[in-house]
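Given next are the chains, with one letter for each unit.
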Amino acid sequence: MADVKKIAVIAGDGIGPEVVGEALKVLKKTEELYGYQFETTHGLFGGIAIDEKGTPLPQETLDICKAADAVLLGAVGGPKWDNNSKELRPETGLLGIRKALGLFSNIRPANVFDCLKEASTLKPEVLEGTDLIVVRELTGGIYFGEKFRRQGAHGEEAVDTCVYNVVEVERIVRQGFEIARTRRKKLASVDKANVLETSRLWREVVNRIAPEYPDVELEHVLVDNCAMQLLRRPSSFDVIVTENMFGDIISDEAAMLTGSIGMLSSASLGEGAFGLYEPVHGSAPDIAGQGISNPIATILSVALMFRLTFGYHEAAQAIEDAVKSVLDAGHRTGDIAVDKSKAIGTTEMGDLIVAAIKK
């Protein structure tokens, strides 16, 4: 009898419930094909949790996540909650759940499907061979540093503190090296060491660890140059490892190389196999409820879950192959369609992918 895997399902806000619904169909199909057993438990998170529970991260949702083997998250947030206090913003829940679950790294693959080159704003010849992963430190840096306001010589001032310690840098950098070892053995460490003291510490730690990985080619890249080179020579990157805020920005830029942020999966990992999996895109409240969102990023997040947490590599490949076959057949949601009049909806895209999954 197959081992039962417990998955906490957090649909969230906006298009979250729509795209997660299609991902759950994929889970069911793999159960039928491979004999897997999944036990899903749903929890409230983000804006909907604020409305119903008075907090973006209810304790019962956190308990569901801690009892699970993995978490599947849709998306959170929206303008409805933009003017809330810090404690009652959906984004505060995201930071909180990462800390509470010990998720210190965010893995974001960005590979360009040949059939989607026309959907990107870059020339096809620039995109040729683009297949990279951004490894972003998730629980340190300026997002988690002390924040306050004070009176200065010119009136009110706002201060955000960026702090990194050696342990935080070491563990994310080692993860970057380890992932690079499984790929093309190239690691780009992105910092701003010409200006920031935290980046100088970052680079010192990277240089100290690098000799332990003689098979991996290391390149130091300043963050502004990295942003430029991602548009100029994206295929030269294999694995990029960087700190929290830089990674937030760089990974979104990398996402657009693919033609749509709706195409990218992500994983947030800690020390063990446990992970939180979610699409890179946001809640897109402007199209919520219209049935036109792209579920591919969430479906590919399930494939990433199978690879990184469950070790279901064959099924992960089957999901990825199904996505490729559906795209190769010319099916497109509106965000990646050149001819918008021929775009299909969320449910139809999900059904086509599920039908294309073969053992």
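Residues numbered from 1 in each chain as written. Predicted model: local features only at pLDDT ≥ 70, side-chain atom pairs only at ≥ 80, totals over all residues. Heavy atoms only, no water.

- The name that an unreviewed UniProt entry assigns to the protein is 3-isopropylmalate dehydrogenase, with the source organism given as Paenibacillus albus.
- Turning to the protein, the UniProt annotation filed under Subunit (unreviewed entry) states: "Homodimer." (UniProt positions renumbered as here; feature names shortened; annotations may be inferred.)

Let's talk about helix α8 (residues 223-232)
Okay, step 1: Looking at α8, one finds that the buried residues are Val 223, Cys 226, Gln 229 and Leu 230. Down the axis of α8, the sector holding all buried residues measures 115°, keeping them to one side.
Okay, step 2: In this structure, the buried residues of α8 make contact with β5 (131-137), β8 (186-191), β9 (217-222), β10 (239-242) and α9 (244-257). (Buried < 20%, exposed > 50% of the residue type's maximum accessible area, 1.4 Å probe, protein only. Helix = DSSP H or I, 4+ residues; strand = E, 2+ residues; numbered from the N terminus. Arc of directions from axis to C-beta. Contact = heavy atoms within 4.5 Å.)

Brief notes about the domain arrangement of the protein
Okay, step 1: Once the domains are mapped, the protein shows domain 1 (1-111 + 260-358) and domain 2 (121-258).
Okay, step 2: For domain 1 versus domain 2, the separation of C-alpha centres amounts to 24 Å.
Okay, step 3: On the side of domain 2, 22 residues touch domain 1, which itself brings 21 residues to the contact.
Okay, step 4: With both chains or domains summed, domain 1 and domain 2 bury close to 2000 Å², and 61% of this area falls on carbon and sulfur atoms. (Domains from an automatic or database assignment. Buried area = accessible area lost by both parts, 1.4 Å probe.)

Details of the packing of aromatic side chains
Okay, step 1: By the definition in use, this model includes 12 aromatic pairs.
Okay, step 2: Ring geometry for Phe 306 against Phe 310: centres 6.2 Å apart, planes inclined by 45°, an arrangement best described as tilted. You can see Phe 306 and its partner Phe 310 sitting in helix α10 (residues 296-310), 4 residues apart, about one turn around the helix.
Okay, step 3: For Phe 306, a relative accessible area of 0% gives the class buried. (Phe/Tyr/Trp six-rings, centres within 6.5 Å; stacked < 30°, edge-to-face > 60°.)

Here's the deal with empty space enclosed by the protein
Okay, step 1: Under the criterion given, the structure shown has 2 cavities of 30 Å³ or more.
Okay, step 2: Estimates place the volume of the largest cavity at around 50 Å³.
Okay, step 3: Taken together, Lys 186, Leu 187, Ala 188, Glu 217, Glu 219, Ser 236, Phe 237, Asp 238 and Val 239 make up the lining of the largest cavity.
Okay, step 4: Listing elements by their share of the lining of the largest cavity, those giving two or more residues are β8 and β9.
Okay, step 5: For the lining of the largest cavity, the element with the most residues is β8, which contributes 3 residues.
Okay, step 6: Grouping the amino acids of the lining of the largest cavity by side-chain chemistry returns 4 nonpolar, 1 polar and 4 charged.
Okay, step 7: There is about 40 Å³ of room inside the second largest cavity.
Okay, step 8: Elements supplying a minimum of two residues to the lining of the second largest cavity: β8 and α7 (197-209).
Okay, step 9: Here the lining of the second largest cavity takes 3 residues from α7, the largest share from any one element.
Okay, step 10: A class-by-class count of the residues in the lining of the second largest cavity yields 4 nonpolar, 2 polar and 2 charged. (1 Å grid on protein atoms, 1.4 Å probe; cavity = no way out; pocket = protein on both sides within 12 Å on 5 of 7 lines; lining within 4 Å. Points joined across faces, edges and corners; volume = space filled by probe spheres on them. Nonpolar A, V, L, I, M, F, W, Y, C, P; charged D, E, K, R; others polar.)

Let's talk about the packing of α10 against helix α11 (residues 313-328)
Relative placement of two packed helices is described by the angle separating their axes and the distance separating the axes.
Okay, step 1: At a minimum axis distance of 7 Å, the contact between α10 and α11 shows a crossing angle of 160°. The pairing of α10 with α11 is recorded here as roughly antiparallel in orientation. In this structure, the crossing between α10 and α11 has a hand that is left-handed. Listed contacts from α11 to Ile 296, Ile 299, Leu 300, Val 302, Ala 303, Phe 306 and Arg 307 of α10 are His 313, Ala 315, Ala 316, Gln 317, Ile 319, Glu 320, Val 323 and Leu 327.
Okay, step 2: The class makeup of the residues in the contact of α10 with α11 is 11 nonpolar, 2 polar and 2 charged. (Axes fitted to C-alpha atoms, helices over the stretch in contact; angles between N-to-C directions. Parallel < 35°, antiparallel > 145°, perpendicular 65-115°, else oblique. Left-handed = near helix turned anticlockwise from the far one by under 90°.)

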